[in-house]
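Chain and residue survey
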Amino acid sequence: MYTYTRWQVIALLFLGFSAGLPFLLVFSTLNARLADVGVETATIGFFSWLGITYSIKVFWAPVVDRLKLPVLDRLLGKRRSWIVLAQSGIATGLYLMAQVDATAAPEMMALCGLLVAFSSATQDVAIDAYRIEIAEERLQAALAATYIFGYRLALLVAGAGALYLAEFWSWQVSYEVMAALVGVGLITVLIVREPAVNHFAAAQDIARKIEQEAAKRAHLNPRVARIIGWFSAAVAGPFLDFFRRYQELAVLILVMVAVYRISDIAMGVMANPFYLDFMGFSKTQVADVTKIFGFFMTIAGSLAGGVMVVHYGVRRILLVGAIMTAATNLLFVLLAQYPPNVITLAAVVSADNLSGGIANVALIAWLSSMTSASFTATQYALFSSLMTLPGKFIGGFSGIVVADFGYAQFFLVAGIMGVPAILLAIYMMRQGERLDALAPRKTEELEPGSEPALRET
């Protein structure tokens, strides 16, 4: 367990908390607040649009990669300066949300929520880049594990914690406390080190590419040519770099990213209706087993996955995670055949959350290893956006499958949907040496004294 005593790993625990804190405060917790103070249901529905910012963060990730913030960049460095700026936006937005009367000024509440959501999505981009650049490849799973732990702790604080504060004091006090808790992440950023990545060299490389692209358009106004050149090099560049680096494997990599969590996400859409409506468990039983007990099993899986990646390599654990995710969905098929039993439910949920934790950290570690130092934030934002989108889209049809065929057949289909991820994981293992040769090498970019990344064979 020495892995989890590294300062980088501990830092990601607190940065994970910082990333997770604002999420529910512009979603379910905010919806509860709006409903509690008498805002109309139709209006509450419009607030869900705030979540779009998390899905489109890839569009401004190039700015986080390229733009140096005045003063802050000189004091903190590129990654930490962007995290601090984003945290300032989150804290400001939450404090303003605490002061706004949602019934009298719902538009102002929405604008403040948009500031929080936009700043939170920007913080995600910057923290992902920081995590990737601060340590070598094999430590990425451990970083992901503690990040997830911190993130889920923040969800408990921003969910149950915010509701308790609102119940015993007021929504204003609740959101003011949440704004103050942003300080956890801020203090962390001020204490930790900036990644020892040569961003200057990367920026110079991009600058040269911009000049080359602008020169190709000499017939245009020089300013227009430079803007087009910047877009070609800084915005399109991350995607072109990825496809040029991995060639025909690039498409298969993106397909694997898209399908790896389809089985897990699609199943999750119908999980609560299955527990409550079909199996007949009480809300308290479902909360105790899936939320509280499940939380600890997910963390256990994440921590185990981090250790396993260090010892056995990321691609092997990627395959293990894919197999376990598909197999645990089949356990729900068996669960649907028998009368409700809390112990059986706990066993199946344990296996499901344990496998999900292992698979998630392995996927994050694998994707982190494939980002280029010149485009860390943008390329990982692409991966993270693609990671959940297909599963959420397909999950929208899950109710139709259940209505037409039943829960057992639905869980069987969900398990079978995991087969492509297993086959692609096997293929990526067989392409291991080639992938290692094509992957960006970050060993020379690490801080002095850190051990080099170990390559898989």
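Calculation notes
Residues numbered from 1 in each chain as written. Predicted model: local features only at pLDDT ≥ 70, side-chain atom pairs only at ≥ 80, totals over all residues. Heavy atoms only, no water. Helix = DSSP H or I, 4+ residues; strand = E, 2+ residues; numbered from the N terminus. Buried < 20%, exposed > 50% of the residue type's maximum accessible area, 1.4 Å probe, protein only. Contact = heavy atoms within 4.5 Å. Areas by Shrake-Rupley, 256 points an atom, 1.4 Å probe, with all protein chains shown as cover. Axes fitted to C-alpha atoms, helices over the stretch in contact; angles between N-to-C directions. Parallel < 35°, antiparallel > 145°, perpendicular 65-115°, else oblique. Nonpolar A, V, L, I, M, F, W, Y, C, P; charged D, E, K, R; others polar. Phe/Tyr/Trp six-rings, centres within 6.5 Å; stacked < 30°, edge-to-face > 60°. Lys NZ or Arg CZ within 6 Å of the ring centre and 35° of its normal. Core = buried A, V, L, I, M, F, W, Y, C linked by side-chain atoms within 4.5 Å. pLDDT = per-residue confidence, 0-100. Expected span 1.5 Å × (residues − 1). Salt bridge = Lys/Arg side-chain N within 4 Å of Asp/Glu carboxyl O. Patch = residues over 30% accessible without salt bridge, like charges linked within 9 Å, V, L, I, M, F, W, Y side chains within 5 Å.

What the chain contains, in helices and strands, is 24 helices and 0 strands. For the chain, the residues scored as buried account for 54% of the 457 residues in total. Contacts spanning at least 24 positions in sequence make up 81% of the contacts within the chain whose residues lie at least 6 apart. Summed over all atoms, the accessible surface of the chain reaches about 20100 Å², with 68% contributed by carbon and sulfur.

Right, let's get into the packing of helix H7 (residues 78-99) against helix H10 (residues 171-191). Interaxial distance between H7 and H10 falls to 8 Å at its minimum, and their mutual angle equals 170°. Accordingly, the angle class assigned to the pair H7 and H10 is roughly antiparallel. Only Gln172, Tyr175, Glu176, Met178, Ala179, Val182, Gly185, Leu186, Val189 and Leu190 of H10 make contact with H7, whose side of the interface consists of Arg80, Ile83, Val84, Gln87, Ile90, Ala91, Leu94, Tyr95, Met97, Ala98 and Gln99. Here the residues of the contact of H7 with H10 sort into 15 nonpolar, 4 polar and 2 charged.

Scanning the entire structure with this criterion turns up 14 aromatic pairs. Taken together, a centroid distance of 6.0 Å and an interplanar angle of 40° make the contact between Tyr147 and Tyr151 tilted. Here Tyr151 and Tyr147 lie together in helix H9 (residues 140-168), a separation of 4 residues that amounts to about one turn. The buried category is assigned to Tyr147, whose relative accessible area is 11%. Ring centres of Phe274 and Phe278 lie 5.7 Å apart, and the angle between their planes is 20°; this geometry places the pair in the stacked category. On the criterion of helical spacing, the pair formed by Phe274 and Phe278 is a turn pair, its members being 4 residues apart in helix H16 (residues 271-278). A relative accessible area of 43% places Phe278 in the partly exposed class. Members of the aromatic cluster, each reached through a chain of ring pairs, are Phe274, Phe278, Phe332, Tyr407, Phe410 and Phe411. Over the face of the ring belonging to Tyr175 we find Arg33, whose NZ or CZ atom lies 4.8 Å from the ring centre.

This paragraph deals with the side chain of Ser355. Along the chain, the position of Ser355 falls in helix H19 (residues 342-369). Non-local contacts of Ser355, meaning those with residues more than four positions away in its chain, are made with Met324, Thr325 and Thr328.

With that settled, the discussion passes to the nonpolar core. In terms of nonpolar packing, the biggest core is built from 109 residues, with Leu94, Tyr246, Ile253, Trp366 and Leu367 touching the most fellow members. Examining the composition of this core, we find that 13 residues originate from one element, H9, more than from any other. With 23 residues, the next largest nonpolar core counts Met270, Ala346, Val402 and Tyr407 among its residues.

Moving on to the confidence of the model for the chain. Low pLDDT means the predicted coordinates in that region are not meant to be read closely. The predicted model of the chain averages 81 in pLDDT, with 83% of residues at 70 or higher. Predicted confidence is poor over residues 443-457, with pLDDT under 50, and the contacts of this stretch with residues over four places away or in other chains come to 34 contacts.

Across its 12 residues, helix H23 (residues 419-430) extends 17 Å between first and last C-alpha, which sits within 8% of the 16 Å expected from 1.5 Å per residue. Where H23 is concerned, the buried positions are Ala421, Ile422, Leu424, Ala425 and Met428. As for H23, its buried residues are in contact with helix H14 (249-259), helix H18 (314-335), H19 and helix H24 (432-438).

With that settled, consider the pattern of salt bridges. Oppositely charged side chains may form a pair once their charged atoms are brought near each other. A full pass over the atoms with the stated rule returns 5 salt bridges. Note that Asp128 and Arg131 form a salt bridge whose closest N and O atoms lie 3.5 Å from each other. A residue pair is termed a helical-turn pair when its members lie 3 or 4 positions apart in one helix, as Asp128 and Arg131 do in helix H8 (residues 106-134) at 3 residues. The two residues Asp128 and Arg131 agree in class, both being buried.

Let us look at a nonpolar patch on the surface. Judged by side-chain polarity, Phe46, Trp49, Ile52, Ile56 and Phe59 come together as a nonpolar surface patch covering roughly 580 Å² of accessible area. You can see Phe59 is positioned in the loop between helix H4 (52-55) and helix H5 (61-66).

So, about unusual backbone geometry. Phi at Val71 takes a positive value of approximately 70°, unusual for a residue other than glycine. Take Val71: it is sitting in the loop between H5 and helix H6 (72-76). You can call Val71 exposed: its relative accessible area is 53%. Phi angles above zero are rare outside glycine, and Gln247 is one such case at about 50°. Summarising the element assignment, Gln247 is placed in the loop between helix H13 (237-246) and H14.

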